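Working through the structure, step by step
Next come the chains, spelled out residue by residue.
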Amino acid sequence: KGGVGKTTISVNAALELCRMGYSVALLDADLGLANSQILLGINAPLNLGHVVDGAKEIRDVAVEGPLGLILIPGASGNEALANINPTQAKSLVAGILTSFPELDILLIDSAAGLSTANMSFLDTCDYRVVVMQDEPASIADAYGLIKLESRKDRLADLYVVPNRVAAERDGQVLFDKMNRVCMQFLEEPIHYLSSILQDDLLGQVTRRRETVIVNHPSSKAATNFNRFAEQLVNLFKSSEEAVSPSL
């Protein structure tokens, strides 16, 4: 669902992974609200649309953000991107990995909803993280995506992240609620990764074009994203298949 904090989580997780010493790229695949560069406080004159249109190469549009993070900016209102198919999405991701062979991790910030373009980018990922809030619309949309992934037999690599919860235990309660629904109707469990706590600082730093990881490393929000990033790293390390995982 739109507005649940996917981009905030993607940006801060990417920065924290960079701080931990990993080489990371973030692909902004939210074609409706491509605003990762705003949260990072950087300018991006070119974007993914120029690559899809054939005008530029991936290295031409990529920009370096804080801590060495590589951002491939998204584009709003680009018809070619809005209608991207699985083959094109796979080619784009392969192009990023070829252009930046030193990458350890590629994060993909996908759009809300179940559009063909969105699902095409999800198809390229080794792991899928569903961000949800404790509100009816968010829960319903999250379940809709989980149901589609179940039909593709991909729940083993799908993880749920409750966002904007008051405490970790509240996130666990929200996850348990969703897991019971999945067990009842899909007859298959989902996986809990971590919870992101509500923190007013996140909104404040966005307005100031700052990030909690770089500008407020001792804040509770930064500590929260550190735990989240550590869970991601543990997930990657536990896999025997993914050498340079995408998410």
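Residues numbered from 1 in each chain as written. Predicted model: local features only at pLDDT ≥ 70, side-chain atom pairs only at ≥ 80, totals over all residues. Heavy atoms only, no water.

**So, the layout of surface pockets**
Looking at the largest pocket, its volume works out to about 490 Å³. Taken together, 31 residues form the lining of the largest pocket, with Lys6, Ser110, Val129, Val130 and Val131 sitting closest to its centre. Looking at the lining of the largest pocket, the elements with two or more residues in it are helix H1 (6-19), strand E4 (105-110), helix H7 (116-123), strand E5 (128-132), helix H8 (136-151) and helix H12 (220-238). Here the residues of the lining of the largest pocket sort into 20 nonpolar, 6 polar and 5 charged. (1 Å grid on protein atoms, 1.4 Å probe; cavity = no way out; pocket = protein on both sides within 12 Å on 5 of 7 lines; lining within 4 Å. Points joined across faces, edges and corners; volume = space filled by probe spheres on them. Helix = DSSP H or I, 4+ residues; strand = E, 2+ residues; numbered from the N terminus. Nonpolar A, V, L, I, M, F, W, Y, C, P; charged D, E, K, R; others polar.)

**A look at the pattern of salt bridges**
Taken as a whole and assessed by the stated rule, the structure comprises 7 salt bridges. Ionic pairing is found between Lys177 and Asp134, a salt bridge with its closest N-O pair at 3.6 Å. In this pair, Lys177 is assigned in helix H9 (residues 168-185) and Asp134 in the loop between E5 and H8, connecting sequence segments 43 residues apart. Note on Lys177: relative accessible area 35%, which makes it partly exposed. Among the charged side chains, a network of salt bridges with common partners joins Asp123, Arg128, Glu149, Lys152 and Arg154. (Salt bridge = Lys/Arg side-chain N within 4 Å of Asp/Glu carboxyl O. Buried < 20%, exposed > 50% of the residue type's maximum accessible area, 1.4 Å probe, protein only.)

**Quick notes on the side chain of Asp109**
Inspection of the secondary structure assignment puts Asp109 in strand E4. Buried Asp109, no salt bridge; nearest opposite-charge side chain is Lys6, N-O distance 6.0 Å. (Lys, Arg positive; Asp, Glu negative; His and termini not counted.)

**Examining the pairing of E5**
Buried residues dominate E5, accounting for 4 of its 5 residues. Pairing of E5 with strand E6 (residues 158-165), which is carried by 5 bridges, proceeds in the parallel orientation. Residue pairing in the sheet places Val131 in a bridge with Val161 of E6. Of the crossover connections in this fold, the one passing from E5 over H8 to the parallel E6 is right-handed. (Pairing = 2+ DSSP bridges. Right-handed = clockwise from strand over helix to strand, strands pointing away.)

**Remarks on unusual backbone geometry**
A positive phi angle is found at Asp153, which is not glycine, with a value near 60 degrees. Positionally, Asp153 belongs in the loop between H8 and E6. Phi at Glu187 is positive, roughly 60 degrees, even though this residue is not glycine. Relative to the elements of secondary structure, Glu187 occurs in the loop between H9 and strand E7 (191-192). Glu187 gets classed as exposed once you look at its relative accessible area, which sits at 69%.

**Focus: the sheet that holds strand E2 (residues 63-64)**
The strand order across the open sheet built from 4 strands is E2-E3-E1-E4, with neighbouring strands paired in mixed fashion. The outermost strands of the open sheet, each flanked by one partner alone, are E2 and E4. Two elements, strand E1 (residues 24-29) and E4, share 6 bridges in a ladder whose sense is parallel. Across the sheet, Ala25 pairs through a bridge with Leu106, a residue of E4.

**Some words on the packing of H8 against H9**
The interhelical angle for the contact between H8 and H9, taken along N-to-C directions, is 45 degrees, at an axis separation of 11 Å. When the axis of H8 is compared with that of H9, the two are oblique. Considering how the two elements wind past one another, H8 and H9 form a crossing that is right-handed. Touching Ile139, Ala142, Tyr143 and Ile146 of H8 are Leu174, Met178, Val181, Cys182 and Phe185, all from H9. Here the residues of the contact of H8 with H9 are counted per class, giving 9 nonpolar, no polar and no charged. (Axes fitted to C-alpha atoms, helices over the stretch in contact; angles between N-to-C directions. Parallel < 35°, antiparallel > 145°, perpendicular 65-115°, else oblique. Left-handed = near helix turned anticlockwise from the far one by under 90°. Contact = heavy atoms within 4.5 Å.)

**What about the nonpolar core?**
Within soluble globular proteins, side chains that are nonpolar tend to cluster in buried spots. Of all hydrophobic cores here, the largest spans 37 residues; its most connected members are Leu17, Val24, Leu69, Leu107, Val212 and Phe228. Taken together, the elements giving at least two residues each to this core come down to H1, E1, helix H2 (36-40), E4, E6, helix H10 (201-207), helix H11 (212-215) and H12. Sorting elements by how many residues they give to this core places H12 first, with 9 residues. Leave out the neighbours within four places in its chain, and Val24 touches Ala14, Leu17, Cys18, Gly68, Leu69, Ile70, Leu103, Ile105 and Leu107. In this structure, Ala75, Ala89, Ile96 and Ala117 belong to the second largest nonpolar core, which totals 25 residues. (Core = buried A, V, L, I, M, F, W, Y, C linked by side-chain atoms within 4.5 Å.)

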